[in-house]
Amino acid sequence: MNFDIYRGKRVLVTGHTGFKGSWLAIWLHQLGAKVYGYSLPPPTKPSNYALAGVKALLAGEVIGDVCDRKRLAAAVRRWKPDIVFHLAAQPLVRLSYQEPYATFEANVLGTASVLDAVRAGDAGGGRGAPALPALGASCRAGVGGKTAVVCITTDKCYENKEQAKGYRETDPFGGYDPYSASKGAAEILIASYRRSFGMNLASVRAGNVIGGGDWAKDRIIPDMVKALKKGQKPGVRNPKAVRPWQHVLEPLSGYLALGAKMLAEPCSATWCSGWNFGPERTGEDDVGHVADLVARAWGDGAAWEFTGDPKAVHEANLLRLDIAKAKKTLGWKPRWSLEDAIAHTIGWYKRATRKNARALCLADIGAYEGVRS
Ligand SMILES: NC(=O)c1ccc[n+]([C@@H]2O[C@H](COP(=O)([O-])OP(=O)(O)OC[C@H]3O[C@@H](n4cnc5c(N)ncnc54)[C@H](O)[C@@H]3O)[C@@H](O)[C@H]2O)c1
C-alpha cells in the first residue's frame, strides 16, 4: 500500500482524542499530512491522546461536540480539509442501553452535522445553511464532492442474524441495541447524502479492534489489562461470543488505502461505497480464547474467570465480516494474525509510559508497514 498521497494533505480526524482516532492522527502525521482534530475531550483517563502527546502533532484542534453544527462548520471552513475521517461517536454497546438518546444524537445527528459542514465547505463556505446542490449532483469542485469523507461505522451496522456466514457490504442494515441501530441508521444517512448530493463519500466497517492505548470500559482487553495491572484476576462476561478481532492498524490501513483512492479519483462509484475491513477467518474467535491468549502474553501465571451475568443486556453472539470486496477491489488485506495482534497489544500496555507511548505507537506502525502485503 502506498500512502504517499497524504504528504502535505490537510486531513481532519474527528474523534482524534479517542483510541482509534489518536492512532490515526499519529500515523497521518508520520505520513507527512497536516492533521486537524475535532472532538470532545478524551473519553478515558488515561488516554492514548494524552500519553502519546497527540496534541503536539496537530496543525489545528477544536475540543467540541460534532453536534455543535456552527462550531464544526466554522472549523471545516477554516481548515479546508482535503479529506475527513469521521470517527467521533459513542462507540459502546452497553453504554448505549444507559444513554440511548445521547448515542443516537452523537452517532446519527453527529454524522449529519459532519456531512453538512463538508457540503457547506465544498459549496464555497458561505455563511448559514449550505447551498443545496441539485439532486443527484455530480462531483465537481464547488458543488459537493471536493472533500473526501470516510465515515467510520461498524460491523454491528448489519442486521444481525447470528449467521455463520460473514456479512457482505450489500446486506441489510439493522441493529438490536441502540449503538448498533445508531450505526445502521448512520449508514442509511451516509448513503442518502452520497446519492442526493454527489459527495465524495464512503463508509467503512471494522470488527472488534484491539491495540495499545484503549482504556474503554466493557472491552475485553482494556478490562483484562486494568485488572492484571492491579494483580487481580480479570472477569470475562461472554466467553462464547465470537467476534472479528483485529489490531487497530488493520482497519486504519484500510481507511487510509480507501481515502488515498478517493483523493486520487474523487467521487468514483467504486470507492464511494461501503467497505468491510475485518480480519481473516482465523481472526474470528471466541472471547474465551482471546482471554486465554491475553493471559498467556501477559505471563506471570495470569488467568481469567467467568463472570457472566444472567440479567445482562443483549449482546450479539456471532458476528463475522466478509472482506472479499476490500481484498479484490482495493488490494487491502489483513497483515497480522490474532496472536501477532495480541502480542503487539499486550507488549504496548506492559511498556507504555508518558515518555515512550508515541514511540511505541510508531514502532507498531513501522512493524506493521514492514510486513509484506
Ligand atoms: N473500537 C472498536 O472496536 C470499534 C469497532 C468498530 C467501529 N468502531 C468505531 O470507530 C470509531 C472510534 O472508536 P474508538 O474505539 O476509538 O472509540 P473512543 O471512545 O475511544 O473514541 C471516540 C471519540 O469520539 C469522541 N466523541 C464522542 N462523542 C462525540 C461528540 N458528540 N462530538 C465530538 N466528539 C465525540 C470522543 O471524545 C473520542 O475522541 C467510532 O465511530 C466507533 O463506533 C470502533
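Asks: Sorry if this is basic, but what is going on with the site of the ligand here?
Replies: The environment of the ligand is made up of 25 residues, and the closest members are G15, G18, K20, A88 and A89. Of all the secondary-structure elements, those providing two or more residues to the shell around the ligand are α1 (19–30), α5 (100–122) and β7 (208–210). Per element, the largest residue contribution to the shell around the ligand is three residues, and it comes from α1. Looking at the shell around the ligand, its residues break down into 14 nonpolar, nine polar and two charged.

Asks: Help me understand the sheet that holds strand β5 (residues 148–152) in this model?
Replies: Across a sheet, strands are paired by hydrogen bonds formed along the backbone, either parallel or antiparallel in direction. Overall, parallel pairing links the seven strands, which are arranged β3-β2-β1-β4-β5-β6-β10 in an open sheet. For this open sheet the edge positions go to β3 (60–63) and β10 (274–277), each flanked by a neighbour on one side alone. The average undirected angle you get between the axes of adjacent strands in this sheet is 20°. Sheet strands touched by α1: β1 (10–14), β2 (34–39) and β4 (83–86). Its angle to β2, the strand with the most contacts, is close to 165°. Those strands touched by α5 are β1, β4 and β5, and its axis lies near 175° from that of β4.

Asks: Explain the pairing of β1 here, please?
Replies: Looking along a regular strand, one sees side chains alternate from face to face of the sheet. A large share of β1 lies buried, amounting to four of its five residues. Judged from the five bridges that link them, β1 and β2 form a sheet pairing that is parallel. Looking at β2, one finds that R10 is bridged to K34. Considered for its hand, the β-α-β crossover made up of β1, α1 and β2 is right-handed. Sheet topology note: the β1/β4 ladder contains four bridges and is parallel. When the bridges of β4 are listed, V13 appears paired with F85.

Rules used throughout
- Residues numbered from 1 in each chain as written.
- Predicted model: local features only at pLDDT ≥ 70, side-chain atom pairs only at ≥ 80, totals over all residues.
- Near = placed C-beta within 6 Å.
- Helix = DSSP H or I, 4+ residues; strand = E, 2+ residues; numbered from the N terminus.
- Nonpolar A, V, L, I, M, F, W, Y, C, P; charged D, E, K, R; others polar.
- Pairing = 2+ DSSP bridges.
- Axes fitted to C-alpha atoms, helices over the stretch in contact; angles between N-to-C directions.
- Contact = placed C-beta atoms within 7 Å.
- Buried ≥ 20, exposed ≤ 12 C-beta atoms within 10 Å, placed from the backbone.
- Right-handed = clockwise from strand over helix to strand, strands pointing away.

All we've got here are geometric facts, nothing functional implied.
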